Each structure stands twice: as structure tokens, then as C-alpha cells.
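Residues per chain, in single letters:
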Amino acid sequence: MDVELRHLKALAAIAEAGTVTAAAAELHMTQPALSRTLAQLEARVGVRLVDRSSRHLDLTRAGATLLGHGRAILAHLDAALADTRAVDRPLRLGYTCAVLGQQTVPLLRSWRQAHPHAPLEVVRQDNSTAGLATGDTDVAVLRTVPADPRIRTEALYTEDRVAALPDDHPLATRDRVRLAELTSGPPLPLTLWPDTGTASVDLWPPEQRPDRTVEVRNVDEWLNLIATGGAFGVGAAGTAESHGHPGVRFIPLDDAPAATVYLARPAHPTHPRTEDFLAAVREVVSTQPYGNSG
């Protein structure tokens, strides 16, 4: 008679729980039913798997050997089922404030042409991993490196920073500005979104830093606050390219350090097209105008 998956799950639960009673509760079974399942497994493999000489059950050497193989089989099955489910769902590309700026459309077009049967969804997620940590996205473009150890990042390229000003600001007619000019004019606060934005007061020397800051939750709030004259901002060029907004003027900054754009994915991707998409992003980026940083 064949060993079934339910037998392997029972053995794993008993090994982890230490008693049949606790394992039965974990598996939502009765204790007698789990005991019968264990007895069936031992009968089918022909050896004793669990030492019943004490209240706390320990595996025999044979039981420990089967448990190692059983866990590998169950993990492989879980991965196979996850891959199977993923084949029919779109690959989800997460972002926070922008994807690849002016290279976003070329990326989406090239992916559609090369992979017509692999749909792609572009999803904005207003958190530091653009949905990767919560499983809401499969890959992401970020402009900060998340602290989450489950996320892997690689630098794609650097892009210039821009000042974001209300269009009636005294500097709004300029072609270029410097950081010090942003804090020497009208006393507007610097607007920041801490989890995903690239700006901070550390861009300025201590004696030139903004007197005040105001925090927002996402790029929409950031743009609206600037447009209504409530603040000024500093962002990456990709944000400016992706978010034209009435009332906001984006002006290149002469002396601000460049921002880095990162490609991110989980340490253990769950979508079978993840590596294909990472390669597609790298290919598009290799032709982009900012200059690859890494």
C-alpha cells in the first residue's frame, strides 16, 4: 500500500508538537484518528517511526529519516502548487512614486511584445517595499533600499534630483536652481513622505536646512500640497517624468546628489516569470539616458 501525503503531514505534526493530542489539534483531527493514521504509516513502511515509551513522543532513527524526506516532499509540493497558481495570474510590478520614468512605456511595450501570454500589472503600493513584503507584488522598482531582510535589491541606475515648487513661486521661472536657494526664499516647509520618498533635510548643510518639514503619506498628497502652495519638495527625475501636475513646476537641481533606482524582488520569488521580467528591466535600462550606476 502507498504512503499518502496525509501520512507525512501527520508525522511532521507529531514531530513538531511532541504529543498526539497537540498534533491532532493542529491538524483539526481527533486524537484517535491521528493515532490510526500514524499506525497506518508505520504498517506501510514496515518499521516503528515513533517511540511511545514516554508521554512526549520522540521519533526513532527511521522516523527522523522519513521526516526529513517527508518535509522536503511537502515543501516541493507547496512550491509546485504556488507555481501552478501563479502561471494564470499576472506578474505584479510594484512601485511607490514612479516606475522607470520615461523608460516605463518602453518597458511595458517590450514585455508585451516578448511575452504576449504573460500579463503584467503595474501596482502602486505606498509602503517601503512597494508591496513585496506583504505579497501584493512580485517585483518592484524602488528609490530607497528597504530594511526588510526578505527583499533583495540591485542598483539599476542613478537619476538627477529636481525641485518641486508651486508654479507661482519666485523660483518657478528658473531653468535650474540650487539647494540653498530653496531655503532662502519664502518660508515654505519641505514636504516629505518618510517611508518611500528620497528627500531629507540631510541634503542641505546644517546651516541651510529648511526650518520646517511636513509629512505626507504618498506622492499624490505630496503633489497636492506643493500645488496649493503649502510646501516645496525635492524628488527624483523619474517622479517628475511620471507625475505632471497642474500647479507644480519641476526644476533641475544643480548641486543635489543623484538618486539611485533599485530593482527589488523577494529572496524567494513565487511567480515563474520573475527572472524573465528582471532580465527585461535590465535590458531596457541598459539603453536609458541616466547612466547605469551598478
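Provided above is the structure to which this section pertains.
Trainee: How would you summarise a nonpolar patch on the surface if you had to cite specific residues and measurements?
Mentor: A surface patch of nonpolar side chains, about 190 Å² in accessible area, is lined by Val 3, Val 45 and Val 47. Tracing the sequence through the fold places Val 47 in the loop between α3 (31-45) and β1 (50-51).

Trainee: Run through unusual backbone geometry, naming residues and quoting values.
Mentor: Residue His 28 is not a glycine yet carries a positive backbone phi of 60°. Relative to the assigned elements, His 28 resides in the loop between α2 (20-26) and α3. What makes His 28 exposed here is its relative accessible area of 75%. The backbone phi angle of Ala 130 is positive, close to 50°, even though this residue is not glycine. If you trace the backbone, Ala 130 turns up in the loop between β4 (120-124) and β5 (139-142).

Trainee: Outline the sheet that holds strand β7 (residues 161-166), supporting the account with residue identities and numerical values.
Mentor: The sheet built from three strands is open, its strands ordered β10-β7-β11 with antiparallel pairing. Looking along the sheet, the strands with just one partner apiece sit at the ends: β10 (233-236) and β11 (248-252). Going from strand to strand, the sheet's axes swing by 35° on average, the running direction of each strand aside. As judged from the four bridges shared by β7 and β10, these two strands associate in the antiparallel manner. Opposite Arg 161, over in β10, you have Ala 236 as the bridge partner.

Trainee: Before we move on, could you go through the layout of surface pockets and cite the residues and values that matter?
Mentor: Its boundaries defined by the atoms lining it, the largest pocket holds a volume of some 180 Å³. Lining the largest pocket are 16 residues, with Leu 132, Gly 135, Pro 266, His 268 and Thr 270 sitting closest to its centre. Taken together, the residues of the lining of the largest pocket break down into six nonpolar, seven polar and three charged. Taken as a whole, the second largest pocket spans an internal volume of roughly 160 Å³. The wall of the second largest pocket is formed by Leu 108, Trp 111, Arg 112, His 115, Pro 116, Ala 118, Pro 119, Leu 120 and Val 122. Every element with two or more residues in the lining of the second largest pocket is listed here: α5 (104-114) and β4. With three residues, the single largest contributor to the lining of the second largest pocket is α5. Classifying every residue of the lining of the second largest pocket by side-chain character gives seven nonpolar, one polar and one charged.

Trainee: Explain the packing of aromatic side chains residue by residue, including any values.
Mentor: Two aromatic rings are characterised by how far apart their centres lie and by the angle between their planes. For the structure shown, the criterion picks out three aromatic pairs. Consider the rings of Trp 193 and Trp 222, whose centres lie 5.1 Å apart with planes at 70°: the pair is edge-to-face. Separated by 29 residues along the polypeptide, Trp 193 in the loop between β8 (190-192) and β9 (213-215) and Trp 222 in helix α7 (residues 219-227) bring together distant segments of the chain. A relative accessible area of 8% places Trp 193 in the buried class.

Trainee: Describe the pattern of salt bridges, listing the residues and the values that go with them.
Mentor: Applying the stated criterion to the full structure yields 17 salt bridges. With a shortest N-O distance of 2.8 Å, Asp 138 and Arg 89 are connected by a salt bridge. In this pair, Asp 138 sits in the loop between β4 and β5 while Arg 89 sits in the loop between α4 (61-87) and β3 (91-95), placing the two residues 49 residues apart along the sequence. Given the relative accessible area of 3%, Asp 138 is considered buried. Put simply, Arg 217 and Glu 221 hold a salt bridge, and the shortest N to O gap is 2.5 Å. With a relative accessible area of 24%, Glu 221 lands in the partly exposed category. Several salt bridges converge on common partners, so that one network encompasses Glu 4, Arg 6 and Arg 44.

Criteria and cut-off values
Residues numbered from 1 in each chain as written. Predicted model: local features only at pLDDT ≥ 70, side-chain atom pairs only at ≥ 80, totals over all residues. Heavy atoms only, no water. Patch = residues over 30% accessible without salt bridge, like charges linked within 9 Å, V, L, I, M, F, W, Y side chains within 5 Å. Areas by Shrake-Rupley, 256 points an atom, 1.4 Å probe, with all protein chains shown as cover. Salt bridge = Lys/Arg side-chain N within 4 Å of Asp/Glu carboxyl O. Helix = DSSP H or I, 4+ residues; strand = E, 2+ residues; numbered from the N terminus. Buried < 20%, exposed > 50% of the residue type's maximum accessible area, 1.4 Å probe, protein only. Pairing = 2+ DSSP bridges. Axes fitted to C-alpha atoms, helices over the stretch in contact; angles between N-to-C directions. 1 Å grid on protein atoms, 1.4 Å probe; cavity = no way out; pocket = protein on both sides within 12 Å on 5 of 7 lines; lining within 4 Å. Points joined across faces, edges and corners; volume = space filled by probe spheres on them. Nonpolar A, V, L, I, M, F, W, Y, C, P; charged D, E, K, R; others polar. Phe/Tyr/Trp six-rings, centres within 6.5 Å; stacked < 30°, edge-to-face > 60°.

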